Amino acid sequence: YGTDAGIVTEDAPVRPVTPYAESKWRGECAAQEEGKAHGMPVVVLRMAYVYGPRIETTRNRGGVFGRFLAARRDGTPLVVMGTGMQAHDFIHVDDAVAAFLLVASRPGEAGPFNIGSGRLTTILELARCFGDGETVFRGDDCPGSSGSALDCSRARARLGWQARIRLADGVRDLLGHPAARRP
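These numbers come from a predicted model, not from an experiment. (Residues numbered from 1 in each chain as written. Predicted model: local features only at pLDDT ≥ 70, side-chain atom pairs only at ≥ 80, totals over all residues. Heavy atoms only, no water.)

Concerning the overall build of the chain
A tally of regular secondary structure across the chain gives six helices and 10 strands. Relative to the compact-globule value of 16 Å for 183 residues, the chain shows a C-alpha radius of gyration of 17 Å, a close match. Along the first, second and third principal axes, the C-alpha set of the chain runs to 55 × 35 × 25 Å. Relative to its full complement of 183 residues, the chain shows a buried share of 38%. Within the chain, contacts between residues at least 6 apart in sequence are counted, and of these 82% link residues at least 24 apart. Total accessible area computed for the chain in this model is approximately 10100 Å², and 54% of it derives from carbon and sulfur atoms. In the chain, 23 positive and 21 negative side-chain charges are present, and the distance between their average locations comes to 4 Å. (Helix = DSSP H or I, 4+ residues; strand = E, 2+ residues; numbered from the N terminus. Rg over C-alpha atoms; globule rule 2.2 N^0.38 Å. Buried < 20%, exposed > 50% of the residue type's maximum accessible area, 1.4 Å probe, protein only. Contact = heavy atoms within 4.5 Å. Areas by Shrake-Rupley, 256 points an atom, 1.4 Å probe, with all protein chains shown as cover. Lys, Arg positive; Asp, Glu negative; His and termini not counted. Charge placed at Lys NZ, Arg CZ, Asp CG, Glu CD.)

Observations concerning the side chain of His 92
Mapped onto the secondary structure, His 92 falls in strand 6 (residues 90-92). Using a relative accessible area of 7% as the deciding quantity, one classes His 92 as buried. Not counting residues up to four positions away in its chain, the partners in contact with His 92 are Val 50, Tyr 51, Pro 53, Ile 165 and Gly 170.

Some points on the nonpolar core
Of all hydrophobic cores here, the largest spans 17 residues; its most connected members are Phe 65, Phe 68, Phe 90, Leu 126 and Phe 130. Taken together, the elements giving at least two residues each to this core come down to helix 2 (63-74), strand 4 (78-81), helix 4 (123-129) and helix 6 (167-176). Per-element accounting of this core gives the leading share, five residues, to helix 2. Phe 65 has contacts with Tyr 49, Tyr 51, Ile 55, Phe 90, Leu 126, Phe 130, Leu 167, Val 171 and Leu 174, leaving out every residue within four places of it along the chain. (Core = buried A, V, L, I, M, F, W, Y, C linked by side-chain atoms within 4.5 Å.)

What about the packing of aromatic side chains?
Applying the stated criterion to the full structure yields six aromatic pairs. Consider the rings of Tyr 51 and Phe 65, whose centres lie 4.3 Å apart with planes at 5°: the pair is stacked. One end of the pair, Tyr 51, is in strand 3 (residues 49-51); the other, Phe 65, is in helix 2, with 14 residues separating them in the sequence. Here Tyr 51 falls in the buried class, since its relative accessible area comes to 1%. (Phe/Tyr/Trp six-rings, centres within 6.5 Å; stacked < 30°, edge-to-face > 60°.)

Overview of the pattern of salt bridges
Scanning the model with the defined rule gives 10 salt bridges in all. Between Arg 154 and Asp 11 there is a salt bridge, with the nearest N and O atoms lying 3.2 Å from each other. Taken together, the residues Arg 154 in helix 5 (residues 153-159) and Asp 11 in the loop between strand 1 (7-8) and helix 1 (19-38) connect sequence positions 143 residues apart. The salt bridge partner of Asp 169 is Arg 172, with a shortest N-O separation of 3.0 Å. Of this pair, Asp 169 and Arg 172 both sit in helix 6, separated by three residues, roughly a single helical turn. Exposure remark for Arg 172: the relative accessible area of 52% places this residue in the exposed category. (Salt bridge = Lys/Arg side-chain N within 4 Å of Asp/Glu carboxyl O.)

Comments concerning the environment of Asp 169
Classification of Asp 169 as partly exposed rests on a relative accessible area of 22%. Distance from Asp 169 to His 92, taken between C-alpha atoms, is 9.7 Å for residues 77 residues apart in sequence.

Quick look at the packing of helix 2 against helix 6
The packing of two helices is summarised by the inter-axis angle and the distance between the axes. At a minimum axis distance of 11 Å, the contact between helix 2 and helix 6 shows a crossing angle of 50°. For the element pair helix 2 / helix 6, the angle class is oblique. Viewed along their axes, helix 2 and helix 6 form a crossing whose handedness is right-handed. Here Phe 65, Leu 69 and Arg 72 of helix 2 come into contact with helix 6, specifically with Leu 167, Val 171, Leu 174 and Leu 175. When its residues are assigned to classes, the contact of helix 2 with helix 6 shows six nonpolar, no polar and one charged. (Axes fitted to C-alpha atoms, helices over the stretch in contact; angles between N-to-C directions. Parallel < 35°, antiparallel > 145°, perpendicular 65-115°, else oblique. Left-handed = near helix turned anticlockwise from the far one by under 90°. Nonpolar A, V, L, I, M, F, W, Y, C, P; charged D, E, K, R; others polar.)

Now the structure itself:
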């Protein structure tokens, strides 16, 4: 939806600010056009920041979760880029999978659905979830580094879906998961 858009519904204007976000939006538009052309319903699940036990912790692909998990695993400080006030809507992979399973069980369902916690969490709040330990700050906030909280009312009303795993609980489970201990 863009950055700093607050809490957004599926009807909010989409304003991608990164190439990755742009590619996701173009894919959604292409799917919708194909659906219209062939008379098929198309469902798009617009995911918040998904995290889980198999998140990438090398090559900087896992984003902040991957970096924080690797730091805790390796006993090094958490590195926060900028002020740590950047905020995102985080959703556990189990909640995301539940949304996919629900929508797959409803043939004929159509439209976009937001899938997230509905809550913005700052990187500093996330760091606290990773427990005690040193945290260092580097650089400035990156442009476009804050997201939107996703209003998931449509998914709740039409699919019966809602996020169930609280961030603190998800991080605690993540830290104890065997897959998270491997580099």
